Amino acid sequence: MIVLSVVGILLAFGVLVFAAYKKISMFLAAVIAASLVALFSGLPVAASMVGAEGPFLIGMKDFVGSWLVIFAMGALLGALYDKSGATWRISSTLINKAGTQWTLLIYVLVGGLLVYGGIQVTVMIFVLLPFAKILFPKAGIPWYLFPGITGLAIATFAMGQMPGSLQMQNIIPSQILGTPLTAAPVEGVLATLFMVVFGVGYLSWEAKKGRDTPEAAIELYQVQGGTLDEAELEGRAPGFWVSLIPMVVAFVLINGVKVELLYGLGAGCVLSVLMFWKSLGGLTGIRDVVSEGFNNGIFPCIIIASVVGVGKVISATDVFALIQGNIINLPLPGLLKVAAITTIIAGITGSASGGLTIALELFGETFMSWGYTPEIIHRVASIACGGLDTLPWNGTVVMLFALSGVSYKKGYKHVAVETVILPLLSLIPVFLYYSITH
């Protein structure tokens, strides 16, 4: 039965990969994958999928129950920044001041700033895509680099490395371990610097190398969405400093005043509505943006929850019990083992937040029993979950390619470097600093 179970799990991964490459519904793929795992592992398929105690629905229910409103609030904040032109104002102001030669760096930093301030990661693809369509051709950045560049901006340093981040990858360990969002700040800053320096360095080299290749032109790709009217935004968008205020207030409330996450994000949304009122078109425009923005957070949450549900079914198999009993005995030093376990589970589930939740719930107390503080476990796990999570079946990766029109064959190599390899390598300065100071 163990061999059959392994076959079922491998088939499940195959289904998820196939769906990612062929742009098939990831929710449908997750249902099929979970059913295959149950079938090959000798679990009752119907009860595993739709029963009140079925692991698939329990995994989805627990994830949605914990994070749906937060997803929706982060998506709403993103919509308010997008539709008002605040994101455009921030990025265009910085690029105009610095020059187009700094476009790639500024694009990454602006994307990171917005993610750090609480805008939901998947929603950021929709926020950044229209700007990239304008900025990349101006700066001579090959369009096939869009998934890799955007992946660096939204799914690495700002997501779980930077202390104080308002993303789930930083919030989940805080809630499970009882740590502040700013846990292990020096280690987090070191990992962030590593990612920005090496991530932007690699992409700048690739952009220079591919600038004049036939595949560089954006016109060759079926890019989704419209194009921004910069002249119209110039007269409508809020000012640079005004655009920053709602996000800064939300960050200070949550990390400084220690208000509940929901209240802090809510305050950011309310301030955005008030300060961007005219830019959003008054009451009528705001009504539409609020409805659309809030709804935009629901779909990504359901998709990620369905992948978490697959992981939950896998966790109910004898194979997972065998893995759970042996993975803790990996012949690795303690903190490296924390990172390895977290990123392996994130890879299995195809979700950073889902894998992080499972890893800390299963092994969090064991990690602390090794003598490590909750703060360093928080930061290491938060960084490590952003490694193997972005394999091809990850929901955010699927959306990057689907919306940009770039093929996996042309663009995934750069995504892998930026969101798989470098995040895991960014743990090196973390381990070195911790070993020197402890």
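Residues numbered from 1 in each chain as written. Predicted model: local features only at pLDDT ≥ 70, side-chain atom pairs only at ≥ 80, totals over all residues. Heavy atoms only, no water.

Here's the deal with the environment of Ser 92
So, step 1. Mapped onto the elements of the fold, Ser 92 is located in helix 5 (residues 86–98).
So, step 2. With a relative accessible area of 11%, Ser 92 lands in the buried category.
So, step 3. Distance from Ser 92 to Gln 120, taken between C-alpha atoms, is 22 Å for residues 28 residues apart in sequence. (Helix = DSSP H or I, 4+ residues; strand = E, 2+ residues; numbered from the N terminus. Buried < 20%, exposed > 50% of the residue type's maximum accessible area, 1.4 Å probe, protein only.)

Observations concerning a nonpolar patch on the surface
So, step 1. A surface patch of nonpolar side chains, amounting to about 340 Å² of accessible area, comprises Ile 2, Val 6, Leu 10 and Leu 322.
So, step 2. The element contributing the most residues to the nonpolar patch is helix 1 (residues 2–22), with three residues.
So, step 3. Along the chain, Val 6 turns up in helix 1. (Patch = residues over 30% accessible without salt bridge, like charges linked within 9 Å, V, L, I, M, F, W, Y side chains within 5 Å. Areas by Shrake-Rupley, 256 points an atom, 1.4 Å probe, with all protein chains shown as cover. Salt bridge = Lys/Arg side-chain N within 4 Å of Asp/Glu carboxyl O.)

Side note on the packing of helix 10 (residues 168–177) against helix 19 (residues 352–369)
So, step 1. Two elements in contact, helix 10 and helix 19, have axes whose closest approach is 10 Å; the angle formed by their N-to-C orientations is 30°. Classed by the angle they form, the pair helix 10 and helix 19 counts as roughly parallel. Seen along the crossing, helix 10 lies across helix 19 with a hand that is right-handed. Contacts between helix 10 and helix 19 pair Met 168, Gln 169, Ile 172, Pro 173, Ile 176 and Leu 177 from the former with Ala 352, Ser 353, Leu 356, Thr 357, Leu 360, Glu 361 and Met 368 from the latter.
So, step 2. Counted by class, the contact of helix 10 with helix 19 contains nine nonpolar, three polar and one charged residues. (Axes fitted to C-alpha atoms, helices over the stretch in contact; angles between N-to-C directions. Parallel < 35°, antiparallel > 145°, perpendicular 65-115°, else oblique. Left-handed = near helix turned anticlockwise from the far one by under 90°. Contact = heavy atoms within 4.5 Å. Nonpolar A, V, L, I, M, F, W, Y, C, P; charged D, E, K, R; others polar.)

Observations concerning the nonpolar core
So, step 1. If you look at the biggest cluster of nonpolar residues, it comprises 147 residues, and the most contacted ones within it are Phe 63, Tyr 81, Phe 136, Trp 143, Ile 149, Ile 154 and Ile 376.
So, step 2. Looking at this core element by element, the count peaks at 14 residues for helix 4 (residues 55–84). (Core = buried A, V, L, I, M, F, W, Y, C linked by side-chain atoms within 4.5 Å.)

Observations regarding the confidence of the model for the protein chain
So, step 1. Model confidence for the protein chain is summarised by a mean pLDDT of 85, while 97% of its residues fall at 70 or above.
So, step 2. Ranking the elements of the protein chain by mean pLDDT puts helix 17 (residues 318–327) last with 75 and helix 20 (residues 374–384) first with 95. (pLDDT = per-residue confidence, 0-100.)

Regarding the pattern of salt bridges
Working definition: two side chains of opposite charge can pair if their charged atoms are close together.
So, step 1. Scanning all chains against the criterion turns up five salt bridges.
So, step 2. As a salt-bridge pair, Lys 83 and Glu 292 come within 3.9 Å of each other at their nearest N and O atoms. Separated by 209 residues along the polypeptide, Lys 83 in helix 4 and Glu 292 in helix 15 (residues 282–296) bring together distant segments of the chain.
So, step 3. The exposure class assigned to Glu 292 is partly exposed, which follows from its relative accessible area of 38%.
So, step 4. Between Lys 209 and Glu 206 there is a salt bridge whose closest N-O contact spans 3.3 Å. In this pair, Lys 209 and Glu 206 both sit in helix 11 (residues 185–210), three residues apart, roughly one turn of the helix.
So, step 5. Owing to a relative accessible area of 48%, Lys 209 belongs among the partly exposed residues under this scheme.
So, step 6. For Glu 206, a relative accessible area of 4% corresponds to the buried category.

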